[in-house]
Amino acid sequence: MVDSDKKDISDIMYEYQSSQDKLMEENVALRQTVNQLMEEVERMKKPPLMVCEVRTVLPDKKAIIKIPNGNSFLVEVITDEKLASGDTIYVDQKFLTVLEKGDTQKKFEVESFVIVEKPDITWDMIGGLTDEKERIREVVELPLLKPELFEKVGIQPPKGILLHGPPGTGKTMLAKAVAAETNSTFIEIVGSELVQKFIGEGAKLVKDIFDLAREKAPAIVFIDEIDSLAAKRIEMGTSGEREVQRTFMQLLAEIDGFNNLGDVKIIAATNRADILDPAITRPGRLERSIEIGTPDAEGITEIFNIHTQRMPLEKVNAARIAGLMEGFSGAQIKAVCTEAGYHAIRDGRSKVFESDFESSIERIRQVDDDSYPAMFG
């Protein structure tokens, strides 16, 4: 009986100890959770810091900084990190005290507005346009690859060119090809995207684009639909029109302003060269104007062969098909080839027949006649 009581007491003590150990473990886990929550609360209670730029570093731990709205202030510096003009810093919003140094790596916010790439399009991938390609190479490619030729002759090469013509004639591809041939960074932006909502933002965006281009030089800045930004100036009636004017003036200043473009070339494209302001096309700016029209018979055949070189054709007379596409642009010719491939896929064939191209030509011609009845004929 005594032994049984001892056993019961031992079991009770063991269970009590086990429960106490579990409670201790739970207590430790709860303390850790509470500490983490308290740390998060403290982080949430901290006021956000303002990202600013150092203008001038002064003695006695003072500095002149520029805040995001453009204003400058003389402030105290608490951080022991060494500051220099142009550094990014984190500042207390209430007292404008410099608390710590930020990432000094230069970043361009404008990269979210533009397409920056290294194109892989070669001249061989562009059919026709023999004369146009040669003129572009003289104006853009030659100065970037052989600048010493211009130094010997004592002339300055043109800063930019204007490509104009109907849609789909290859203006963008030509710009990408010359960028690829010169191993240049290709920065592409649509003119309408340069016009921003708030005063001064468009002009700042233009400045940042050219700063980015200089940073990544050699570079080619391609501005598509430049007519949306550089149309002939009229009486400025609304604030929106005035903002377009500010952005346009900043573009002109970047092209022939104090900052040398160096190995940065500008290629602009438009379908409406007739409405451009003369200020953008005068000598010293986009002084070379190259018309990119629809291809001739030889060009159509070249473009057709380029787009069908990987297509399994069955008894297709390329010269005859090319003759049926008289007046087509390069984009339309590509669309014909794509549509012909779809004809074969729908019929379960692995080869494309001449009849597929004939049907595609009629379909593309009908679509484009309905889309552009008056503007492009």
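About the cut-offs
Residues numbered from 1 in each chain as written. Predicted model: local features only at pLDDT ≥ 70, side-chain atom pairs only at ≥ 80, totals over all residues. Heavy atoms only, no water. Pairing = 2+ DSSP bridges. Helix = DSSP H or I, 4+ residues; strand = E, 2+ residues; numbered from the N terminus. Axes fitted to C-alpha atoms, helices over the stretch in contact; angles between N-to-C directions. Contact = heavy atoms within 4.5 Å. Expected span 1.5 Å × (residues − 1). Buried < 20%, exposed > 50% of the residue type's maximum accessible area, 1.4 Å probe, protein only. Arc of directions from axis to C-beta. Left-handed = near helix turned anticlockwise from the far one by under 90°. Nonpolar A, V, L, I, M, F, W, Y, C, P; charged D, E, K, R; others polar. Parallel < 35°, antiparallel > 145°, perpendicular 65-115°, else oblique. Lys, Arg positive; Asp, Glu negative; His and termini not counted. Salt bridge = Lys/Arg side-chain N within 4 Å of Asp/Glu carboxyl O. Polar contact = N/O pair within 3.5 Å; in protein donor to acceptor, adjacent residues only side chain to side chain. pLDDT = per-residue confidence, 0-100.

1. Re the sheet that holds strand S8 (residues 185-190)
Here is step 1 of the chain: The strand order across the open sheet built from six strands is S6-S8-S9-S10-S7-S11, with neighbouring strands paired in mixed fashion. Across the chains shown, the open sheet's two edge strands, defined by having one partner strand only, are strand S6 (115-117) and strand S11 (288-291). In this sheet, neighbouring strand axes are inclined to one another by 20 degrees on average, regardless of whether the strands run parallel or antiparallel.
Here is step 2 of the chain: As judged from the six bridges shared by S8 and strand S9 (residues 219-224), these two strands associate in the parallel manner. Bridge pairing links Val190 to Asp224 in S9.
Here is step 3 of the chain: Packing against the sheet, helix H4 (residues 171-181) makes contact with S6, strand S7 (160-164), S8, S9 and strand S10 (264-270), and its axis sits at approximately 175 degrees to S9.
Here is step 4 of the chain: Across the sheet, helix H5 (residues 201-215) is in contact with S6, S8, S9 and S10; its angle to S8 comes to roughly 170 degrees.

2. A look at the sheet that holds strand S2 (residues 62-66)
Here is step 1 of the chain: As summarised here, the arrangement of the five strands in space is S3-S2-S1-S4-S5, forming an open sheet in which the pairing is antiparallel. Strand pairing shows two members of the sheet lacking a second neighbour, strand S3 (72-76) and strand S5 (98-101), which therefore form its edges. Strand-to-strand, the axes of this sheet are offset by a mean angle of 45 degrees, without reference to chain direction.
Here is step 2 of the chain: Across five bridges, the pairing between strand S1 (residues 49-58) and S2 is antiparallel. In the sheet register, Val57 faces S2, and the bridge partner there is Ala63.

3. Notes on helix H8 (residues 297-308)
Here is step 1 of the chain: The terminal C-alpha atoms of H8, which comprises 12 residues, lie 17 Å apart, in line with the 16 Å expected from a rise of 1.5 Å per residue.
Here is step 2 of the chain: Within the span of H8, buried status applies to Gly299, Ile300, Ile303, Phe304 and Thr308. Along the axis of H8, the buried positions cluster into a sector of 155 degrees, meaning they face one direction only.

4. Remarks on the environment of Phe150
Here is step 1 of the chain: Mapped onto the elements of the fold, Phe150 is located in helix H3 (residues 147-153).
Here is step 2 of the chain: Here Phe150 falls in the buried class, since its relative accessible area comes to 14%.
Here is step 3 of the chain: Setting aside chain neighbours within four positions, we find Phe150 in contact with Glu138, Leu142, Pro143, Ile155 and Pro157.

5. Digging into the packing of helix H2 (residues 130-145) against H4
Here is step 1 of the chain: The N-to-C vectors of H2 and H4 enclose an angle of 35 degrees; their axes lie 10 Å apart at closest approach. Here H2 runs over H4; the crossing is right-handed. Seen from H2, the contacting residues are Lys133, Ile136, Val140, Glu141 and Leu145; seen from H4, they are Leu174, Val178 and Glu181.
Here is step 2 of the chain: In terms of residue class, the contact of H2 with H4 is made up of five nonpolar, no polar and three charged.

6. Thoughts on the packing of H8 against helix H10 (residues 330-346)
Pairs of packed helices are described in terms of their axes, by the angle between the two and the distance that separates them.
Here is step 1 of the chain: Contact geometry of H8 with H10 gives a least axis separation of 9 Å together with a crossing angle of 40 degrees. The orientation of H8 relative to H10 falls into the category oblique. Here the hand of the crossing between H8 and H10 comes out right-handed. Between H8 and H10, the contacting residues are Ile300, Ile303, Phe304, His307 and Thr308 on the first element and Gly330, Ile333, Lys334 and Cys337 on the second.

7. Brief notes about the side chain of Lys171
Here is step 1 of the chain: Mapped onto the elements, Lys171 comes out in helix H4.
Here is step 2 of the chain: Here Lys171 occupies a buried position and makes no salt bridge, while the nearest side chain of opposite charge, Asp224, is found at 6.5 Å.
Here is step 3 of the chain: A distance of 2.8 Å separates a polar side-chain atom of Lys171 from the backbone oxygen of Pro166.
Here is step 4 of the chain: The contact partners of Lys171, leaving out residues within four places of it in the chain, are Leu163, His164, Gly165, Pro166, Phe222, Ala269, Thr270, Asn271 and Ile292.

8. Let's talk about the pattern of salt bridges
Here is step 1 of the chain: Evaluated as defined, the whole model comprises 18 salt bridges.
Here is step 2 of the chain: A salt bridge links Asp80 to Lys61, with the nearest nitrogen and oxygen atoms 3.0 Å apart. With a gap of 19 residues between them, Asp80 in the loop between S3 and strand S4 (88-92) and Lys61 in the loop between S1 and S2 connect regions that are remote in the sequence.
Here is step 3 of the chain: By relative accessible area, which is 40% here, Lys61 ends up partly exposed.
Here is step 4 of the chain: For Arg363, the salt bridge goes to Glu339, with nearest N and O atoms at 3.5 Å. Of this pair, Arg363 sits in helix H11 (residues 354-371) while Glu339 sits in helix H10, placing them 24 residues apart in sequence.
Here is step 5 of the chain: Judged by its relative accessible area of 13%, Glu339 is buried.
Here is step 6 of the chain: What emerges from the salt-bridge pattern is a single network uniting Lys207, Asp211, Arg214 and Glu254.

9. Thoughts on the confidence of the model for the protein chain
Here is step 1 of the chain: Residues with a pLDDT of 70 or more make up 88% of the protein chain, whose mean pLDDT is 83.
Here is step 2 of the chain: Low pLDDT, under 50, characterises residues 372-377; the stretch is placed with four contacts to residues that sit more than four places away or in other chains.

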